[in-house]
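# Breakdown of the fold
Spelled out, the chains give:
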Amino acid sequence: MSYDTIIRNGRWFDGTGAPSAIRNIGISGGHVTAVSTNDLDEAGCRNVIDASGKWVVPGFLDIHTHYDIEVLEGPGLAESVRHGVTTVATGSCSISTIHVDAEDAGDLFGRVEAIPREHVIKSIGAHKTWNSGEQYITAIEDLPLGPNLCSFIGHSDIRTVTMGLDRSTNDDIKPTRAEIARMERMLTDALDAGFIGLSTNQLRFDKLDGQTCRSRTLPSTYAKWRENRRLKKLVRDRGRILQSAPDIAMPVNLVFQALQSIGLYRKPLKTSLLAAADAKSNPVAFYFLKGLATAVNSLGANFRFQHLPVPFTVYADGIDFVIFEEFGSGQEAMHLADCLERDELMRDEAYRRRFRKDYDQKFGIRVWHRDFFDAMITDCPDSTVIGKSFGEVGLDRGGLHPVDAFLDLVLEHGTKLRWFTTISNHRPEVLKKFATEPYIQLGFSDAGAHLRNMAFYNMGLRLLRHVRDAENAGTPFMSIEYAIHRLSGEIADWYGLDAGHLRVGDRADLSIIDPERLDDSLDEYAEERVEQYGGLSRMVNRNDATVVAVFIGGQQVVAHGRPTEILGKVRTGSFLRAGRRSPAAAAQSAEPSAREERSAASSV
């Protein structure tokens, strides 16, 4: 047999959690065609890579992204791919682009996901040719898609196009029977096309952008019992996934969503819920989440929490960040798009009293711990405050309340004031517990959204470092094989996707990782401009020495940590349809020159 690529002497992981071993891997026609202890015949093989001392692993799956907009003009999705991610899921949190028009998409995505509204409108307006799930798949596969893509259909998407954005966000208006029937048809068509399920959202601090319905919550939050029941029944009957975000201000909502997964004389509703985290604001949350998930799964549910397996450290420019949406005074400021009006509000003493009251309220379930002594300034025109917390600045300024110190600095410097805080997942021992729990799915990067606030594209690598370091220290909490399984095959199997494994006959979606470079470079801060968003500087991860090669559909898209010339220029990925085998993208124009192949091989 002749091979397109041979990877020699790497430590091979098959994605099932089985023991790893040194193997030679042959790739032909986009699939793995040999996994052998013997040397493979290199005659006619134009790309031979020596992976001695490296790990050869299935491509990771990122099950929570908002790449719905970015994929249209940057289909290589290089920021994820260069970190070993070969399959991404879009359509999360009830918002997708299957049915809504450009303006409504701008209102749905702009503020909730911090993607510039004008660029959402521009991208959808320029590219949208589809009005159904099947047409969307065709359009996506007409792009030079880098990673594989799968998708939910968003509840807010189908609700908006059925009722109109204004009616769908009015609590006094319920959809008619005909309108619910139309939403059911849209969902059925998407499931028939191979979408992985329905995403919905009950989180009350996710707000709309634009002017027509500005600051109303997402359309799915207005859906009542009858509408939800009928849509969820379709998902349940088809064995697909419901992804949901509960209203964390009402714990009963979280409990109800877990209980609805239970079967009891019917299929369980496969439910993936946002999100399990070790929140600073609630240090006992782990025990509650574990108890809830254990209880419902023991009663026949098929229930999972999504989880980011690294510290949830976020950055902000001034007051522009979604965490301020979870309390009243923060919402007041975020509602005002006009900077002058917002500044006037922040100068008002009555407003400041409301903000201080919200800040000092420490009880109740919330995302942000609201501690300005735990919020460090990293950049500011006033260099004297850099490296200090807002609380420290307040003390320096005569004992100002931390809220006043923060608002004063925002008024003085606007978005030139940059700061960060770690909201959750700050305790390594608790992260270890989350990582090993069977009710946890290791994926919650939010890639493609909150471009100035967070970068978790390399979260899989950071988990592997945590596991490897514990193993080297003689205090292992899980094996490397199991960790890789949790990032790949386990997720793929639960979602019914043709991905996540590296055995003979599987798609050749894989990475070669240098375990010696699972080091501090994974934590370094970096930014890079996004041309499709007007040159906006986004947060990224840069640890090019760690992932030395990535293949998607048998085609090399990363060499020595950097995208090859074909990534985003030639289609390497496919739309993965739930429950179906997916052919690898044809390599027609992806053939590199012999010189390029020798260069790629030598770089690895």
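Reading the values: rules and limits
- Residues numbered from 1 in each chain as written.
- Predicted model: local features only at pLDDT ≥ 70, side-chain atom pairs only at ≥ 80, totals over all residues.
- Heavy atoms only, no water.
- Helix = DSSP H or I, 4+ residues; strand = E, 2+ residues; numbered from the N terminus.
- Rg over C-alpha atoms; globule rule 2.2 N^0.38 Å.
- Buried < 20%, exposed > 50% of the residue type's maximum accessible area, 1.4 Å probe, protein only.
- Contact = heavy atoms within 4.5 Å.
- Areas by Shrake-Rupley, 256 points an atom, 1.4 Å probe, with all protein chains shown as cover.
- Salt bridge = Lys/Arg side-chain N within 4 Å of Asp/Glu carboxyl O.
- UniProt positions renumbered as here; feature names shortened; annotations may be inferred.
- Patch = residues over 30% accessible without salt bridge, like charges linked within 9 Å, V, L, I, M, F, W, Y side chains within 5 Å.
- Lys, Arg positive; Asp, Glu negative; His and termini not counted.
- Charge placed at Lys NZ, Arg CZ, Asp CG, Glu CD.
- Core = buried A, V, L, I, M, F, W, Y, C linked by side-chain atoms within 4.5 Å.
- Pairing = 2+ DSSP bridges.
- Expected span 1.5 Å × (residues − 1).
- Domains from an automatic or database assignment.
- Buried area = accessible area lost by both parts, 1.4 Å probe.
- Polar contact = N/O pair within 3.5 Å; in protein donor to acceptor, adjacent residues only side chain to side chain.
- Nonpolar A, V, L, I, M, F, W, Y, C, P; charged D, E, K, R; others polar.
- Axes fitted to C-alpha atoms, helices over the stretch in contact; angles between N-to-C directions.

## Concerning the overall build of the protein chain
The helix and strand tally for the protein chain stands at 21 helices and 22 strands. Expected size for 604 residues packed as a compact globule is a radius of gyration near 25 Å; at 24 Å, the protein chain falls within 12% of this value. Along the three orthogonal principal directions, the C-alpha set of the protein chain runs to about 80 × 60 × 50 Å. Expressed as a percentage of its 604 residues, the buried residues of the protein chain come to 63%. At a minimum sequence separation of 6, the contacts of the protein chain that also span at least 24 residues come to 75%. Accessible surface computed for the protein chain: about 22,200 Å², of which carbon and sulfur atoms make up 52%.

## So, the pattern of salt bridges
Tallied over the full model, the rule gives 46 salt bridges. The partner of E481 in a salt bridge is R11, with the nearest N and O atoms 3.5 Å apart. A residue pair is termed long-range when its members are at least 10 positions apart, and E481 in helix α19 (residues 480-487) and R11 in strand β1 (residues 5-12) qualify at 470 residues. Where E490 meets R486, a salt bridge forms, and the shortest distance between an N and an O atom there is 3.0 Å. Take E490: its relative accessible area is 22%, and that puts it in the partly exposed class. The exposure class assigned to R486 is buried, which follows from its relative accessible area of 0%. Several salt bridges converge on common partners, so that one network encompasses E349, R352, R356, D404 and D408.

## Overview of unusual backbone geometry
Omega for the bond connecting L274 with A275 falls within 30 degrees of zero, at -20°, which places this linkage in the cis form. Its location among the elements puts A275 in strand β11 (residues 270-276). A positive phi is found at L264, a non-glycine position, where the angle reads about 55°. Note on placement: L264 falls in the loop between α10 (251-259) and β11.

## Some details on the UniProt feature "domain: Amidohydrolase" (unreviewed entry) in the protein chain
Those residues carrying the UniProt feature "domain: Amidohydrolase" (unreviewed entry) are residues 48-201 in this numbering. Secondary structure within residues 48-201 divides into 43% helix and 17% strand; the distance between the first and last C-alpha atoms comes to 47 Å.

## With respect to a negative patch on the surface
Where like charges cluster on the molecular surface, the negative patch consists of D338, E341, E344 and D348. Along the chain, D338 falls in the loop between α12 (328-335) and α13 (339-347).

## Some thoughts on the nonpolar core
What tends to happen in soluble globular proteins is that the nonpolar side chains get buried as a cluster. Of all hydrophobic cores here, the largest spans 101 residues; its most connected members are F195, F305, L464 and I513. Among the elements that make up this core, the one with the highest residue count is helix α8 (residues 177-193) (7 residues). In contact with L464, other than residues within four places in its own chain, are W55, F60, I480, A483, I484, L487, I513 and L518. With 46 residues, the next largest nonpolar core counts A245, F312, L417 and M454 among its residues.

## Here we look at the pairing of strand β20 (residues 547-552)
Counting buried residues in β20 gives 6 out of 6 residues, a clear majority hidden from the surface. Bridge count between strand β17 (residues 510-513) and β20: 4 bridges; the pairing is antiparallel. Bridge pairing links L510 to F551 in β20. Both β20 and strand β21 (residues 555-559) contribute to a ladder of 4 bridges, which runs antiparallel. Of the residues in β21, the one forming a bridge with F551 is Q556. The turn linking β20 back onto β21 is made up of 2 residues, and G553 within it adopts a positive phi angle of 55°.

## Some remarks on helix α9 (residues 225-238)
Here α9 is 14 residues long and its end C-alpha atoms lie 20 Å apart, about the 20 Å a rise of 1.5 Å per residue gives. Within two residues after α9, G239 carries a phi angle of roughly 70°, on the positive side.

## Considering the domain arrangement of the protein chain
Split into domains, the protein chain comes out as domain 1 (60-313 + 424-500) and domain 2 (323-420). For domain 1 and domain 2, the distance between their C-alpha centres works out to 30 Å. Listed by partner, the interface residues are 12 residues for domain 1 and 15 residues for domain 2. Together domain 1 and domain 2 conceal approximately 1,300 Å² of surface at their shared face, both sides included; 52% is due to carbon and sulfur atoms. In this structure, the connection of domain 1 to domain 2 is made through 2 salt bridges. K280 is paired through a salt bridge with D374; the nearest N and O atoms lie 2.6 Å apart. Applying the counting criterion to the domain 1 and domain 2 interface returns 8 residue pairs in polar contact (both at pLDDT 80 or more). Taken together, the residues of the side of domain 1 that touches domain 2 sort by class into 3 nonpolar, 4 polar and 5 charged.

## Section: the sheet that holds strand β12 (residues 303-307)
A sheet is described by the order of its strands in space; here 8 strands give the open sequence β6-β7-β8-β9-β10-β11-β12-β16, paired in parallel fashion. Where the open sheet ends on each side, the last strands, each with one partner, are β6 (60-62) and β16 (440-442). Direction aside, the axes of adjacent strands within the sheet are offset by 30° on average. Two elements, β6 and strand β7 (residues 85-90), share 3 bridges in a ladder whose sense is parallel. Bridging across to β7, F60 finds its partner in V85. Most of the contacts of helix α6 (residues 155-163) go to strand β8 (residues 148-154), to which it runs at about 50°, and overall it touches β8 and β9 (197-199). Here helix α18 (residues 459-472) sits on the sheet in contact with β6 and β16, set at roughly 125° to β6.

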